[in-house]
There are 2 protein chains.
Amino acid sequence: MIRHPHFAPIAALIAEPPRAVMLAELLGGRALTATELAAGAEVAPSTASAHLAKLVAGSLLSVEVQGRHRYYRLAGREVARALETLGVLVGPPLGEDPFERAALHELRFARTCYDHLAGQLGVAMRCALLERGILREDGVEHRVTGRGEAWFAAFGVDLQAARRARRSFARRCLDWTERRPHLAGALGAALLGRLVDRAWVTRRCNERALDLTLAGRSALARELGLRF
Amino acid sequence: MIRHPHFAPIAALIAEPPRAVMLAELLGGRALTATELAAGAEVAPSTASAHLAKLVAGSLLSVEVQGRHRYYRLAGREVARALETLGVLVGPPLGEDPFERAALHELRFARTCYDHLAGQLGVAMRCALLERGILREDGVEHRVTGRGEAWFAAFGVDLQAARRARRSFARRCLDWTERRPHLAGALGAALLGRLVDRAWVTRRCNERALDLTLAGRSALARELGLRF
DNA sequence: TTAGTCCTTCGATCGGCGCCGAAGCGTCCT
DNA sequence: AGGACGCTTCGGCGCCGATCGAAGGACTAA
């Protein structure tokens, strides 16, 4: 008698460490090549190839062939959400050796969470937006206040476009490392977009970690009273 | 370099078919004993015991000892959410043999989704509530209209209590079988509670499937214009 | 065409883990 | 008390699947 969704096959795809690392890496939001993913997971190219084939077959990933490169990315927002939700269940890693500790520290400070900002910076920004009366909490969502409309407009965020988007507008997303909520949804994505446009934060290549630039540091202090 | 949440161990807990079945069974929302879970997963008691121990160690489940019985339940709402989100990624099962098809059919019609109503009935109820102007959509949430306040009060749902609950009020939840949204959150849970109180739907023992009673059938037709 | 990448397929190896039955411990019924 | 029941621990078996190296196809740049 089958009375259940078949969790097992999907979970099995995620359950193997190399595959989990690949997925986590792709959770950064950008597409990566097979070799990059193999290096990240620390397995032979042939092994990585087999894993990637399974992930594609299970429609967790999609491939795009460009010349002799194959770019893999998460198959959709649902996959990202499922992974993030799963991530809430796993405790933050401890980081034994000094190198790991350093990397973890940076990751904790600021990173991308698929398409929006996460880490201490993400949590702090949401707090500041709430405190300044730019956002208001509303269950798992957020609403933009009257004052907020102006603030986002001045910041270059197109609220109408964000509202039209076929996705959640400003979802609350539990931060994996901070265990406190940050801002996701269309608004969160737009916000990160503007932060990158203005070079207040910069993406690192092939990493999820983000760097707060000096310009960003002072701008955030000025705009939202954030100190780091 | 560890830069990721460690998905693998958690996913591995879900990845083994017997464990996945146990989790799915507990997603029904009630606590079950070790033997019940063993029977459901179709493994020997000793095997089930080992699996359950792992699930508890991984804090996906919690145990409550009552006499010589051990009642297992999901460790928290987060676990339920993670499983549901994962469930969206897995296609609905096909059901080859006639028995499975029948069971699946019933499951599709009405079932519990942790603590709220799911299946065709759940989806239809949400639709009716929206059409009758009792609820209004609001992103991934719902709001109760003025008319809705009265309707829920008449139905015996304590909206204040639902709003005070430390959880999402009326979240939209993607239905696993229907692929259309039904109503979750505190309001969804309260609604199911009243439906069961009034014996409009009845829980089956050790199954997720729910039965719509004759009284419920006519009451839902009267109250919300639903026909089945 | 030729050389150099990128990636996959194939074949063989090996280790981890699920599986069960038997035995043991604790709890409940009479 | 005695016996039945619920559940766990232990020991040994067996299998699935991850792993790698080597070889082959695909594409690019000269």
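This is a predicted model, so every value here is computed, not measured.

1. Focus on the nonpolar core
Membership of the largest hydrophobic core comes to 64 residues, with the highest contact counts inside it found for Ile14(A), Leu74(A), Leu86(A), Ile14(B), Leu74(B) and Leu86(B). When near neighbours in sequence (up to four residues on either side) are disregarded, Leu74(A) contacts Leu23(A), Leu26(A), Leu27(A), Leu60(A), Leu61(A), Ser62(A), Val79(A), Ala80(A), Leu83(A) and Tyr114(A).

2. Focus: the sheet that holds strand S2 (residues 61-66) of chain A
Across a sheet, paired strands are connected by hydrogen bonds in the backbone, their directions being either parallel or antiparallel. Residue and element names in this part refer to chain A. The three strands lie next to each other as S1-S3-S2, forming an open sheet whose pairing is antiparallel. The two strands at the open ends of the sheet, each matched to only one other strand, are strand S1 (32-33) and S2. Pairing of S2 with strand S3 (residues 69-74), which is carried by six bridges, proceeds in the antiparallel orientation. Considered in S3, the bridge of glutamate 64 is made with tyrosine 71. Relative to S3, helix H2 (residues 17-26) is tilted by about 80°, and along the sheet it contacts S1, S2 and S3. Along the sheet, helix H4 (residues 45-57) contacts S2 and S3; its crossing angle with S2, the most-contacted strand, is approximately 115°.

3. What about the domain arrangement of chain A?
How big an interface is tends to be stated in terms of accessible area lost as the parts join. Residues and elements named next belong to chain A. Considered domain by domain, chain A is made up of domain 1 (7-86) and domain 2 (94-224). Counting residues at the interface gives 14 residues for domain 1, matched by 13 residues for domain 2. For the pair domain 1 and domain 2, the two sides together bury roughly 1,100 Å², of which 46% comes from carbon and sulfur. At the boundary of domain 1 with domain 2, the tally comes to one salt bridge. At the boundary of domain 1 with domain 2, the tally comes to one residue pair in polar contact (both at pLDDT 80 or more). For the side of domain 1 that touches domain 2, the elements supplying multiple residues, two or more each, are H2 and helix H5 (77-89). The element contributing the most residues to the side of domain 1 that touches domain 2 is H5, with four residues. Grouping the constituent residues of the side of domain 1 that touches domain 2 by class yields five nonpolar, three polar and six charged.

4. Description of the interface of chain B and chain A
Contact with chain B, which involves 46 residues of that partner, is made by 45 residues of chain A. Of the roughly 4,400 Å² buried where chain B meets chain A, counting both sides, 75% is carbon and sulfur surface. Across the chain B-chain A interface, the total number found is zero salt bridges. Counting across the interface, chain B meets chain A through zero residue pairs in polar contact (both at pLDDT 80 or more). Mapped onto the side of chain B that touches chain A, the elements with two or more residues apiece are helix H1 (7-15), helix H2 (17-26), helix H5 (77-89), helix H6 (98-109) and strand S7 (141-144) of chain B. Among the elements that make up the side of chain B that touches chain A, the one with the highest residue count is H5(B) (ten residues). Residue composition of the side of chain B that touches chain A, by class: 30 nonpolar, five polar and eleven charged.

5. A word on the packing of aromatic side chains
Aromatic ring pairs are reported here in terms of the distance separating the ring centres and the angle at which the planes meet. Residues and elements named next belong to chain A. Tallied over the entire structure, the rule returns six aromatic pairs over all chains. Look at tryptophan 151 and phenylalanine 155: their rings are 5.2 Å apart centre to centre, the planes differ by 15°, and that puts the pair in the stacked class. Taken together, the residues span about one helical turn, with tryptophan 151 and phenylalanine 155 both in helix H8 (residues 146-155) at a distance of four residues. When sorted by exposure, tryptophan 151 lands in the same class as phenylalanine 155, which is buried. An aromatic cluster is built from Trp151, Phe152, Phe155 and Trp200, whose rings are joined through pairwise contacts.

6. Topic: the protein's contact with DNA strand C
Lining the immediate environment of DNA strand C, one finds 21 residues, of which Thr35(A), Tyr72(A), Thr47(B), His51(B) and Lys54(B) sit closest. When atoms of DNA strand C within 4 Å of the protein are split into backbone and base, the sugar-phosphate part holds 71%. One of the side-chain nitrogen or oxygen atoms of His51(B) is found 2.4 Å away from a phosphate oxygen of DNA strand C. Of the residues forming the surface near DNA strand C, the biggest block, four residues, is contributed by helix H4 (residues 45-57) of chain B. A per-class count over the surface near DNA strand C returns six nonpolar, nine polar and six charged.

7. With respect to the protein's contact with DNA strand D
Contacts to DNA strand D come from 21 residues, most closely from Thr47(A), His51(A), Lys54(A), Thr35(B) and Tyr72(B). In the interface set of DNA strand D, defined as its atoms within 4 Å of the protein, sugar plus phosphate atoms amount to 72%. Interatomic distance of 3.2 Å between a side-chain N/O atom of Ser46(A) and a base oxygen of DNA strand D. Here a phosphate oxygen of DNA strand D and a side-chain polar atom of Thr47(A) are 2.7 Å apart. Only H2 and H4 of chain A together with helix H3 (34-41), H4 and strand S3 (69-74) of chain B provide two or more residues apiece to the surface near DNA strand D. Classifying every residue of the surface near DNA strand D by side-chain character gives six nonpolar, nine polar and six charged.

8. A short note on the relation of the copies chain B and chain A
Mapping chain B onto chain A leaves a residual RMSD of 0.1 Å; the transformation is a rotation of 180° accompanied by 0.1 Å of translation along its axis. Expressed as a symmetry operation, the mapping of one chain copy onto the other fits a two-fold axis. Ranked by how close their C-alpha atoms come to the rotation axis, the residues of chain B are headed by Ala11(B), at 2.6 Å. Most of the interface of chain B is mirrored in chain A, where 98% of its interface residues are also at the interface.

Cut-offs applied
- Residues numbered from 1 in each chain as written.
- Chains lettered and ligands numbered in written order.
- Predicted model: local features only at pLDDT ≥ 70, side-chain atom pairs only at ≥ 80, totals over all residues.
- Heavy atoms only, no water.
- Core = buried A, V, L, I, M, F, W, Y, C linked by side-chain atoms within 4.5 Å.
- Buried < 20%, exposed > 50% of the residue type's maximum accessible area, 1.4 Å probe, protein only.
- Contact = heavy atoms within 4.5 Å.
- Pairing = 2+ DSSP bridges.
- Helix = DSSP H or I, 4+ residues; strand = E, 2+ residues; numbered from the N terminus.
- Axes fitted to C-alpha atoms, helices over the stretch in contact; angles between N-to-C directions.
- Domains from an automatic or database assignment.
- Buried area = accessible area lost by both parts, 1.4 Å probe.
- Salt bridge = Lys/Arg side-chain N within 4 Å of Asp/Glu carboxyl O.
- Polar contact = N/O pair within 3.5 Å; in protein donor to acceptor, adjacent residues only side chain to side chain.
- Nonpolar A, V, L, I, M, F, W, Y, C, P; charged D, E, K, R; others polar.
- Phe/Tyr/Trp six-rings, centres within 6.5 Å; stacked < 30°, edge-to-face > 60°.
- Near = heavy atom within 4 Å.
- Least-squares fit on C-alpha atoms with pLDDT ≥ 70 in both.

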